Amino acid sequence: MIAERRLRPIYDLLDFNNNKKAIQEADRVLKKSPELDCARVLKSLALLRMGRDYEAEQLLEIVTKRAPCDDATLQAMTICFRELRAPEKICTIYEEAVKKEPTNEELLTHLFMSYVRVYNYKKQQHTAMSLYKLKTKNPYYFWAVMSIVMQASDTDDKISKSITLPLAERMVKKFIDDNKIDAEQEIQLYVIILEMQHKYQEVLDLLASPLGNMLQSYYTSDQKKIEILLAMQQWDEINLLLKQLLITSDSWQNYVLYLNSVFALVSKNGNAEPVDLASCDVITSVDMCFGSAAQYLSILAEKKSALSHKSRGVHLVRLEFYVKLREWEKENGGSCSKDSSRTSTPLADKILDSSLVDLLLSYYKVFAATPCVLKDLKKYLSYLSPEEVNVLSAALWKINGIEEEEEFEPRDRTSMMQFISCLQFNRYLGKYNNDVMCKESKMALILRLTRTYYHCELYTADQAPAEIKANDALILLVVYLLHDLYVLEPKYIKYILLYLHHVSSRNHYNFNLELLSLYYYHRIGASGAAHMCYENLDMKHIQLDSLGYLHLGPLLNMAQFTLAANVADATLKFFTINYKDNADHLVLSYKFGSFLKIKEFHAFRTRLNNSVHYTLTTIEKMLLDVLHLTSYREVLGTVATMSINPGQDNILWDELRDNRDLNVFNSCNPSHMKPERTTHPPPPLPPSSNEEDKQNGDDSTLSSESSRLEVLKSLIGEMQQVYDKMRNDQLKPVSEEVQGSPPPSRLFFYLSHSFLPHFLSISRAVLTLAAQPEGSGFESHVVESVMFLKRDFEAVEERFRAVQTEGVWANHSALIQVMNLFVEMIAITNIMCGVMSAILKQAKSWSTGKSKEQNAKKKKKYKKTATTPSDNMSADSPPKNNSTDSSIPVEIKEPGPILANVIAITKELSGQIINITNACEEILDEHFQAHHNLNVVVDDPIEQELVTYLLNHKEPDENKTCEEGNQLATKVENLRLDENKPVETKRVEMEAESKQDAAETSSTSVTNAGDPAAAAAPVAHSCSHHRKQDWITCSVRVNENIMNSFRVSYNKLRLVNLFKSFTFE
Amino acid sequence: MTTLRAFTCDDMFKFNNVNLDPLTETYGLSFYMQYLAHWPEYFQVAESPSGEIMGYIMGKAEGHGDKWHGHVTALTVAPDYRRLGIAADLMAWLEDISEKKRAYFVDLFVRVSNTVAIAMYLRLGYIVYRTVLEYYSGNPDEDAYDMRKALSRDVFKTSVVPLKQAVRPEDVDNF
């Protein structure tokens, strides 16, 4: 009690994260009562939290030796060891404590849980049994049983399974016989054991017994019965059971199983054709033919039509039945359609007395006004022939009572919803594909949909503010159509972003819009702007894994280093925390008897831990850390903390899991435009992207120099092979057409330039030099690598010229990406030079007769060597004019000057990169001035149509004068385009006009003598002023977003180029 | 057509179409896992025929004596699947489990501004039992309605006699 009073202040300080004070307080307490180990442990915890792991561990070791038994100390130690990720030490302390107090139930329980944390099933079992012997409580007994089950599921060994599982079974059986079962979970566990042994009949018997009635929460006895019958292929019984269940439920899974049972029965009994149905009751007798199943389903539909909510299942099951019949007929050679190919009615049509199109239409008619109608039917649409697609499309328009080409103004919410779903079907069926619909008609449709969108605001006014507005779906369709145009002409991406911005500024609750903005901002290269969307979407926790692929890669590609590092840190934190916490959930599962979840949790932990994104983020973060350092010493220090073992590949390539959610862009695009998970075979050889890190692992466990060289050699060999293979495979990024596809990897830029050959050459230079420090063989590799580096710089320059001649966003994006890789290569080159000069220096010191240096002293030596190359540099005039550069004078036989030359070249190139970034920012400013609002002059009539519309389109309730005004304005606008005024003057005019617009709050007449457009302007203004202003504001905002993103990218590239001052000091 | 089934860990990789909705919170893994470990039967998901998550419910059973009750921690339906009765199906499941566990009532908290949800709960037979002041933190904080529905074990429906006085969040369990 006294102890507790003394400790309280320390706990409080720890709670408030006041670690320094906590340590002081602990020291104070320990002075008074040195025997109070708990204070010592709490001090370690504070030390741990301050990053002083070593001191903490020392203290913990002292306490461990004393084998404490009091709960407070042990709990505190548990927390410390968790933080230290040393769960095995938790076992040790409880083992020792239990030795002292073998009959302490609480200690034993903790010991059991400590084994759970380390997945030691055998010891779990023994501890649980000791507990049970101590206190005959059911949970302890079943902990032991579950521990045995885990031993069995952990092994593939049949023999051990044949011992463990029967043991577990006998243990439960004994309890059943003794009438000792008292919880549902215990029966669930028994079912697990029987199922693992495929003892299905035993499960059925159990379900039928009174104990079976205990199963009613996690799954019901009926559900389990179906599962078991399925495993036993007892189709008769499944069929009957499901027929009963479906009367009261609308479970889709049960419908599917029911159909499966029908097909299994027919295949078994060979009765495809209808038998006499009059003689039996279809509900209570087993289906022997398709006809009876069809009849059963119609009876079911009738019964359910009275329900308040329309059941989708009972309608949809007819379609499912239809396509299953079709496939069955195909597989079974179509017994009835053998005679003629097309003329005879297919079996499916016969049985269901309907065609596929009619079935689709009848479903559509019932659910046309629900947003999920297309999603429900997608699967079945793929069975339509091209002619049927046309029939269906035409019928859909007809149901909606409109002509495809005409203006549509829904009269109420329902007709709006129907109209939307009709459009979505047509989109999905490919009616708007680029090869079917010309640009002109597409633009006309876009404008019509925009008008309808505004018109429909009427019907969404009553929606709760937090709800997604139903008419937003129209804008999504516009975006899909604009995406098609964007695939043809990249400039349309601007309008996509404009639309998205416009609509999401009116409604913050539609995450689809935000998600698309994120996607398209990244596509255009505006990763900073994309990051705003990312924040709005508030992606966190597991979403960092499932959706992180949309964001982190592009941030890195676009040199948004700070944001990338933040996102990577948050991501890595999520994964490490999970790894630490996961065991706690297992502990909970035992505690609450949720045996069903234990295997699941185990698998989940593995899935997260083997996440591709996790692996990728880990490596990217390491590269980021290394490449941003400014001296060779820092590099050595940083790499040393990374615990890299170059000889050993820590990535379990075969176990990696792709956890990406590729369905998050939920669109009505045709299936070829949806992202798909292609299962690429794992790479033949694990690509090692960070060799430069690896070989620097000063503290590496590799003992001898020669084995380190072997490792380096094999890594270079592997890299070369991977590079060759990837070039041969001619990997291609996913087509632009696929909306929502994962952002292209920077691998493609690597492969299309000389970055990797450069990297390989300079790595070979290191290898050669390290193998033969006295020789001069490495020079040719160095020369080669510099040649590649130059070639890459030419690529940068080429991109830069593209930006200069045509300042479109896409050129900036490409330039930034290439420059980013180039800067990365410069950093790597510098690091490699550091390595080589270290090797040279070492060789020199050897030759001067010094004894072999120890590893620990090596670092010091680098400091000394540092002066050597820079001395040489000043002596040897570095090639100032490197464009004509004959670069490395090969005649120089001294290795030092060669390296100095390389450094000089990288400095020179870095300087040029900085110049380019400066020039690009100026170009950006100009570009922005010229294009910052919608009033740009465009020479494309289709694009012009859109711009004109956005600036002049009519209000839903506008009067006729207004319309005329608009038309007039449009005409004038077109007229102006035809004039061949110099571009500059026009820009100024437009500027002036838009500024005026911005200043205006009410419509004032703008009369500007001599300008015909100005005369028309007020008329147009009077009705569409507000929206026009909105579009203009959005346009400026989007442009600003993009430009600022590029600015940051250029700025970051400039900063990271401080690497030019990279020293060996 | 609600196929209800137990929510599993793997569902978390694909619940984005539900959770990106601004009013649906994505919690840390521990929160979900704790529910899965403790009340696995109270965490159900409604799956569409194409395997998409249409919505889910997360709940628990707690309380002593005649306060033993089922609680709805989270209920959410993806925007595309609203107005189809899925929330009602999920609620029916939770009530059913609570009945089996011999609970006296089911309760839940809802933002007073969430009129759509409140209307639905009223339709399902819930009443506003009391107001909890500033239950939801934010700018500004928002009150919650504590809504309840009596189960068959509460024969005299004593659990659903509304309280006149609002409570503070810290006093929720004391009354």
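Everything numeric here is computed off the predicted structure, so don't read it as measured data.

**Q** Looking at this structure, how should I read the overall build of chain B?
**A** The helix and strand tally for chain B stands at four helices and seven strands. Along chain B, helices (α) and strands (β) appear in the sequence β-α-α-β-β-β-α-β-α-β-β when read from the amino end. Computed over C-alpha atoms, the radius of gyration of chain B comes to 16 Å, within 12% of the 16 Å expected from 2.2 N^0.38 for 175 residues, which places it in the range of a compact globule. Over its C-alpha atoms, taken along the principal directions, chain B stretches across nearly 45 × 40 × 30 Å. The buried share among the 175 residues of chain B stands at 50%. For chain B, the share of sequence-separated contacts (at least 6 apart) that also reach a separation of at least 24 residues comes to 62%.

**Q** Help me out: how do you make sense of the overall build of chain A in this one?
**A** Scanning chain A from terminus to terminus reveals 47 helices and zero strands. Pairs at least 24 apart in sequence give 67% of the contacts found in chain A among residues at least 6 apart.

**Q** So what exactly am I meant to see when it comes to the domain arrangement of chain B here?
**A** All names here are of chain B. For chain B, the assigned domains are domain 1 (1-103) and domain 2 (105-175). Spacing between the C-alpha centres of domain 1 and domain 2 amounts to 19 Å. Each partner contributes to the interface: domain 1 provides 13 residues, whereas domain 2 provides nine residues. Within the residue set of the side of domain 1 that touches domain 2, elements represented by two or more residues are strand 4 (69-77) and helix 3 (86-100). Ranked by residue count, the leading element in the side of domain 1 that touches domain 2 is helix 3, at seven residues. Of the residues contributing to the side of domain 1 that touches domain 2, the split by class is six nonpolar, four polar and three charged.

**Q** Mind showing me how you'd approach the packing of helix 11 (residues 184-196) of chain A against helix 12 (residues 200-208) of chain A here?
**A** Relative placement of two packed helices is described by the angle separating their axes and the distance separating the axes. Residues and elements named next belong to chain A. Contact geometry for helix 11 and helix 12: axes closest at 8 Å, N-to-C directions at 155°. Here helix 11 lies roughly antiparallel to helix 12, going by the angle between them. Crossing handedness for the pair helix 11 and helix 12: left-handed. Each of Tyr 190, Val 191, Leu 194 and Glu 195 in helix 11 lies in contact with helix 12, whose residues at this interface are Glu 202, Val 203 and Leu 206. Grouping the constituent residues of the contact of helix 11 with helix 12 by class yields five nonpolar, no polar and two charged.

**Q** Explanation requested: the pairing of strand 2 (residues 43-47) of chain B in the structure shown.
**A** Residues and elements named next belong to chain B. Of all five residues that make up strand 2, five are buried, and the element is covered over most of its length. Judged by which residues are buried, strand 2 turns out to be covered on both faces: Phe 43, Val 45 and Glu 47 on one side and Gln 44 and Ala 46 on the other are all buried. When strand 1 (residues 3-6) meets strand 2, the two strands line up antiparallel, connected through four bridges. Bridge pairing in strand 2 links Leu 4 to Ala 46. Pairing analysis gives five bridges linking strand 2 to strand 3 (residues 53-62), with the strands arranged antiparallel.

**Q** Would you mind going over the confidence of the model for chain B with me for this structure?
**A** Reading fine detail from the predicted coordinates is not recommended where pLDDT is low. When the pLDDT values of chain B are averaged, the result is 93; 98% of them are 70 or greater. Here the complex is predicted with pTM 0.86, and the ipTM for its interfaces comes to 0.95.

**Q** Could you clarify how one ought to interpret the environment of A:Asn400 in this entry?
**A** All names here are of chain A. Summarising the element assignment, Asn 400 is placed in the loop between helix 21 (386-399) and helix 22 (413-428). The spatial distance from the C-alpha of Asn 400 to the C-alpha of Phe 419 is 6.6 Å, given a sequence separation of 19 residues. Setting aside its immediate chain neighbours within four residues, Asn 400 contacts Gln 418, Phe 419 and Cys 422.

**Q** Quick question: what am I supposed to make of the interface of chain B and chain A here?
**A** As a measure of interface size, the accessible area lost when the parts come together is often cited. Taken residue by residue, the interface counts 42 residues in chain B and 50 residues in chain A. Within the residue set of the side of chain B that touches chain A, elements represented by two or more residues are strand 1, helix 1 (16-19), helix 2 (29-38), helix 3 and helix 4 (115-123) of chain B. Element by element, the count of residues in the side of chain B that touches chain A is highest for helix 2 of chain B, at seven residues. Along the lines of polarity and charge, the residues of the side of chain B that touches chain A split into 20 nonpolar, 14 polar and eight charged.

**Q** Which parts of the structure should I look at to understand the nonpolar core?
**A** Soluble, globular proteins show a tendency: their nonpolar side chains are buried together. Residue and element names in this part refer to chain A. Membership of the largest hydrophobic core comes to 321 residues, with the highest contact counts inside it found for Leu 42, Leu 482 and Ile 496. Element by element, the count of residues in this core is highest for helix 40 (residues 809-847), at 19 residues. Residue contacts for Leu 482: discarding those within four places in its chain leaves Ile 446, Tyr 492, Tyr 495, Ile 496 and Tyr 499.

**Q** For this particular structure, what's the right way to read helix 11 of chain A?
**A** Spacing of three or four residues puts side chains on the same side of an α-helix, whose turn is 3.6 residues. Residue and element names in this part refer to chain A. Here helix 11 spans 19 Å end to end across 13 residues, near enough to the 18 Å set by a 1.5 Å rise per residue. The buried fraction of helix 11 amounts to 10 of the 13 residues, a majority that puts the element mostly inside the structure. All of the buried residues along helix 11 are Gln 185, Glu 186, Ile 187, Gln 188, Leu 189, Tyr 190, Val 191, Ile 192, Ile 193 and Leu 194. Residues of helix 11 that are buried make contact with helix 9 (138-153), helix 10 (158-177), helix 12, helix 13 (221-232) and helix 32 (595-609).

**Q** Please clarify how the environment of A:Trp328 should be interpreted in this entry.
**A** Structurally, A:Trp328 can be placed in helix 17 (residues 312-331). Residues A:Trp328 and A:Ala348, 20 residues apart in the sequence, show an inter-C-alpha distance of 9.2 Å.

What counts, and where the lines are drawn
Residues numbered from 1 in each chain as written. Chains lettered and ligands numbered in written order. Predicted model: local features only at pLDDT ≥ 70, side-chain atom pairs only at ≥ 80, totals over all residues. Helix = DSSP H or I, 4+ residues; strand = E, 2+ residues; numbered from the N terminus. Rg over C-alpha atoms; globule rule 2.2 N^0.38 Å. Buried ≥ 20, exposed ≤ 12 C-beta atoms within 10 Å, placed from the backbone. Contact = placed C-beta atoms within 7 Å. Domains from an automatic or database assignment. Nonpolar A, V, L, I, M, F, W, Y, C, P; charged D, E, K, R; others polar. Axes fitted to C-alpha atoms, helices over the stretch in contact; angles between N-to-C directions. Parallel < 35°, antiparallel > 145°, perpendicular 65-115°, else oblique. Left-handed = near helix turned anticlockwise from the far one by under 90°. Pairing = 2+ DSSP bridges. pLDDT = per-residue confidence, 0-100. Core = buried A, V, L, I, M, F, W, Y, C linked by C-beta atoms within 7 Å. Expected span 1.5 Å × (residues − 1).

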